[in-house]
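Working through the structure, step by step
Listed below are the residues making up each chain.
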Amino acid sequence: MPATDTCVRNARLADASAISRITQGYADEGIMLKRPVENIIEHIRDFFVADYNGRVIGCCAIAFYTVKLAEIRSLAVLDEFRSKGIGRLLVEKAEAVLTEEGVEEVFVLTLNPGFFSKMGYRQIEKEYFPQKIWRDCTNCPKLMACDEIAMVKTL
Ligand SMILES: CC(C)(COP(=O)(O)OP(=O)(O)OC[C@H]1O[C@@H](n2cnc3c(N)ncnc32)[C@H](O)[C@@H]1OP(=O)(O)O)[C@@H](O)C(=O)NCCC(=O)NCCS
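Residues numbered from 1 in each chain as written. Predicted model: local features only at pLDDT ≥ 70, side-chain atom pairs only at ≥ 80, totals over all residues.

The chain appears in an unreviewed UniProt entry as GNAT family N-acetyltransferase from Chlorobaculum limnaeum.

**Comments concerning the overall build of the chain**
In plain terms, the rule: Counting from the N terminus, the helices are DSSP H or I runs at least four residues long and the strands are E runs at least two residues long. Remark: residues whose backbone-derived C-beta atoms lie within 7 Å of one another are considered to be in contact.
Scanning the chain for helices and strands turns up 4 helices and 7 strands. In the chain, the order of α-helices and β-strands from amino to carboxyl end is β-α-α-β-β-β-α-β-α-β-β. A fraction of 68% describes how many contacts in the chain between residues 6 or more apart in sequence connect residues 24 or more apart.

**Structural notes on the sheet that holds strand β2 (residues 47-52)**
The test is simple: Should DSSP find at least two bridges between two strands, the strands are regarded as paired. Geometry is summarised by axes, namely lines fitted to C-alpha atoms with helices restricted to the contacting stretch, and by angles between N-to-C directions that run from 0 to 180 degrees.
Strand order in the open sheet made by the 7 strands is β1-β2-β3-β4-β5-β7-β6, with mixed pairing throughout. The open sheet has two edge strands, β1 (6-10) and β6 (122-124), and neither has a second partner. In this sheet, neighbouring strand axes are inclined to one another by 30° on average, regardless of whether the strands run parallel or antiparallel. Judged from the 3 bridges that link them, β6 and strand β7 (residues 149-154) form a sheet pairing that is antiparallel. Each bridged residue has a counterpart across the sheet, and for Ile 124 the counterpart in β7 is Ala 150.

**Let's talk about the pairing of β7**
Put simply, side chains in a regular strand alternate between the two faces of the sheet. Bridge analysis of strand β5 (residues 105-110) against β7 gives 6 bridges, and the strand direction is antiparallel. Within β7, the position partnered with Phe 107 by the bridge is Val 152.

**Regarding the site of the ligand**
Filter applied, for reference: Residues are classed as near a molecule or strand if the C-beta position derived from their backbone is within 6 Å of it.
Neighbouring the ligand are 19 residues; Arg 82, Gly 87, Arg 88, Gly 114 and Phe 115 lie closest to it. Listed by contribution, the elements that provide at least two residues to the shell around the ligand are β4 (69-77), α3 (86-100), β5 and α4 (113-118).

**A short note on the nonpolar core**
In globular proteins that are soluble, nonpolar side chains generally tend to be buried together. What counts is decided by this rule: Think of a nonpolar core as buried Ala, Val, Leu, Ile, Met, Phe, Trp, Tyr and Cys residues chained together by C-beta atoms that fall within 7 Å. Whether a residue is buried, exposed or partly exposed follows from its count of other C-beta atoms within 10 Å of its own C-beta, namely 20 or more, 12 or fewer, or something in between, respectively; the C-beta atoms are built from the backbone.
Ranked by size, the top nonpolar core spans 37 residues in total, and within it Ile 19, Phe 48, Cys 59, Cys 60 and Leu 90 carry the most contacts. When residues of this core are traced back to their parent elements, those giving at least two are α1 (16-28), β2, β3 (55-64), β4, α3, β5 and β7. Residues in contact with Cys 59, not counting those within four places in the same chain, are Ala 11, Ile 19, Ile 22, Thr 23, Phe 47, Phe 48, Val 49, Ser 74 and Ala 76.

**Overview of the environment of Asn 53**
With respect to the element layout, Asn 53 can be found in the loop between β2 and β3. For the pair Asn 53 and Thr 6, spaced 47 residues apart in the sequence, the C-alpha separation amounts to 7.3 Å.

**Describing the environment of Phe 81**
Checked against the element boundaries, Phe 81 lands in the loop between β4 and α3. For the pair Phe 81 and Gly 58, spaced 23 residues apart in sequence, the C-alpha to C-alpha distance is 8.4 Å.

**Looking at the pairing of β2**
Of the strand pairs in this sheet, β1 and β2 are connected by 5 bridges, and their pairing is antiparallel. For Asn 10, the partnering residue across the bridge sits in β2 and is Phe 48. In the sheet, β2 pairs with β3 via 6 bridges, with the strands oriented antiparallel. Within the sheet, the bridge partner assigned to Asp 51 lies in β3 and is Val 56.

Structure below.
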């Protein structure tokens, strides 16, 4: 399945349950933050999906923090479609939209630094950004034992 057969498009409400299924699997493994379907619906305009012949096989979302700073989050590709260039397509789409908006820096919190390093991100101390930007951290069960790696890319 070449990545050229897959398009990355804005998510629609009808994609919410597919996004939830994709992210839930990795959340159960402790690789990603859990996002209940109600939360995905509330933020559906922030999501992009990878669509392969009408099937949603991957997703990611963007979140704005300042006019120059944003985050890419909830990036996931269905296990059977991994390592086929889909993650790259999703990140490139998100970065293109952020660039159009005038964003200059994008960060991620991840347990997969290898992939983001390949995408041009560099590791930073979490303190690089003011603590308050780690919006989701206060609701995270790992709060005091955070093992995620912060990475940033200048667009
Ligand atoms: C991370 C993830 C989204 C990557 O998507 P993917 O479709 O498998 O990745 P791609 O095939 O687009 O890989 C793009 C490049 O990154 C490389 N890459 C992918 N994962 C890598 C890793 N763990 N370490 C190093 N390089 C990696 C690929 O080899 C490829 O390199 P190439 O272009 O030179 O061939 C996917 O593996 C996934 O869903 N993982 C589980 C959830 C997760 O960890 N999400 C990130 C949370 S922030």
